[in-house]
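Commentary on secondary and tertiary structure
The chain contents come next:
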Amino acid sequence: MNVNFIEISDESQTSFRASGIGDELFLRSSHGLSRLFESCDKEGRIYVDITGLTHPVWAAILRVALASGFYVLAVYVEPSKYSRHLAPVEGQIYDLSMRISGIAPIPGFTWISSTSNNFLFVPLLGFEGTRLRHVIEQVQPGAGSIVPVIGLPGFKPWYVFETYAGNRAALEEEDAWEAAEYAPASCPFSCYYILKKIADSSPANVLKVAMIGTKPHALGAVLFAIKNPKKIELVYDHPIRKHGRTGGADRLYVHHVSSIAGDHCAAHSVEVSV
């Protein structure tokens, strides 16, 4: 089997390095990123392992690979555990992030003007309520304009309760908990169609979607942005992740993203126990 393995390193908010390519690759440069696929057969498949990559990096790679006409699959390995906070406080059950770098656009994706107040804020929720509070303070959604999306079922049965516990204060303050929508934490396509349903039923001009939950949900938001760039603004706070924040590996997922973001058949995922 002819397989070309490319390792990503030195990730930043604007660039990264890849094995076999000496130059730094910039996330906004479609021409530069296309160098990753120079040796790939158009009839072959490209697998992008998003498990350990930062959102800006894997989103940029997927965007260019799909635009180049390749059949693309996203691989994600579910962690078996998250590191719990030694002294948990409200909004910080798990010890996952050191700090937040600040809200900035995902390179290569449309950044819609924030001057319009006609938007719906859709946070894809994880455990970190402090991140939700920060994004709300920056985005400043109007009253009644928050629709949170929660992973149900979660990777573990109890994760949905910990998601509510971690975000409880912000959801109560904004009176947003009753508007919650649910999508399986492991399924980007369910999240994609939830976003489509929200966009189709809302009079708002645009959805501002905060990618602060599971990586498969973030993948769903990125795919929706690729297909509907005028309907969505991706909001990301660029957290600095703690070393050792997760441990072990449970299930491995292979998501056929070209099936929804390309010109292929119906979208689907494959789940494998590891």
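What you see is a predicted model; the values in this text were computed from it and never measured. (Residues numbered from 1 in each chain as written. Predicted model: local features only at pLDDT ≥ 70, side-chain atom pairs only at ≥ 80, totals over all residues. Heavy atoms only, no water.)

Description of the nonpolar core
Rule in force here: Residue types Ala, Val, Leu, Ile, Met, Phe, Trp, Tyr and Cys, when buried and joined through side-chain atoms within 4.5 Å, form a set referred to as a nonpolar core. With a 1.4 Å probe rolled over the protein chains alone, any residue whose accessible area is under 20% of its type maximum counts as buried; one over 50% counts as exposed, and the rest are partly exposed. Secondary structure is summarised from DSSP: a helix means a run of H or I of at least four residues, a strand means a run of E of at least two, and numbering begins at the N terminus for each.
Core analysis: the biggest nonpolar cluster contains 66 residues, and Phe16, Trp58, Leu223 and Leu234 have the highest contact counts within it. In terms of residue count, the dominant contributor to this core is helix H2 (residues 55–67) (9 residues). Ranked by size, the runner-up nonpolar core spans 18 residues in total, among them Leu125, Ile146, Leu171 and Val206.

Side note on the packing of aromatic side chains
Counted only if it meets this: Pairing of aromatic rings covers Phe, Tyr and the six-membered ring of Trp, with a centre-to-centre limit of 6.5 Å; geometry is then stacked below 30 degrees between planes, edge-to-face above 60, and tilted otherwise. By definition, being over a ring means that NZ of Lys or CZ of Arg is both within 6 Å of the ring centre and within 35 degrees of the ring normal.
Summed over the entire model, instances satisfying the criterion amount to 6 aromatic pairs. On the basis of an interplanar angle of 85° and a centroid distance of 5.9 Å, the ring pair of Trp158 and Tyr159 is categorised as edge-to-face. Plain terms: the ring middles of Tyr192 and Tyr193 are 5.2 Å apart, the flat faces sit at 75° to each other, and that makes the pair edge-to-face. Through pairs of rings, three or more aromatic residues link up here, namely Phe127, Trp158 and Tyr159. Cation over ring: Arg63 sits above Phe109, and NZ or CZ is 5.9 Å from the ring centre. A cation over a ring is seen here: Lys208 above Phe119, with NZ or CZ 4.3 Å from the ring centre.

Description of helix H3 (residues 129–139)
Where we set the bar: What the arc measures is the spread of directions leading from the helix axis to the C-beta atoms. Here a residue-residue contact requires only that any non-hydrogen atoms of the pair lie within 4.5 Å.
Every buried residue of H3 is listed here: Gly129, Arg131, Leu132, Val135, Ile136 and Val139. The buried side chains of H3 occupy one side of the element, clustering within an arc of 155° when seen end-on. Opposite the packed face of H3, turned more than 90 degrees from it, sit the exposed residues Glu137 and Gln138. Buried residues in H3 make contact with strand E9 (97–100), strand E10 (119–124), helix H4 (159–173), strand E13 (206–211), strand E14 (232–235) and strand E15 (239–241). Gln140, located one to two residues past H3, shows a positive phi value of around 55°.

Regarding H2
Spelled out, the test is: Any helix carries an expected span of 1.5 Å times its number of residues minus one.
Its 13 residues place the ends of H2 18 Å apart at the C-alpha level, agreeing with the 18 Å of an ideal helix rising 1.5 Å per residue. Burial of H2 is extensive: 12 of the 13 residues sit out of reach of the surface. Within H2, the full set of buried residues consists of His55, Pro56, Val57, Trp58, Ala59, Ala60, Ile61, Leu62, Arg63, Val64, Ala65 and Leu66. Residue Gly69 follows H2 closely and has a positive phi angle near 90°.

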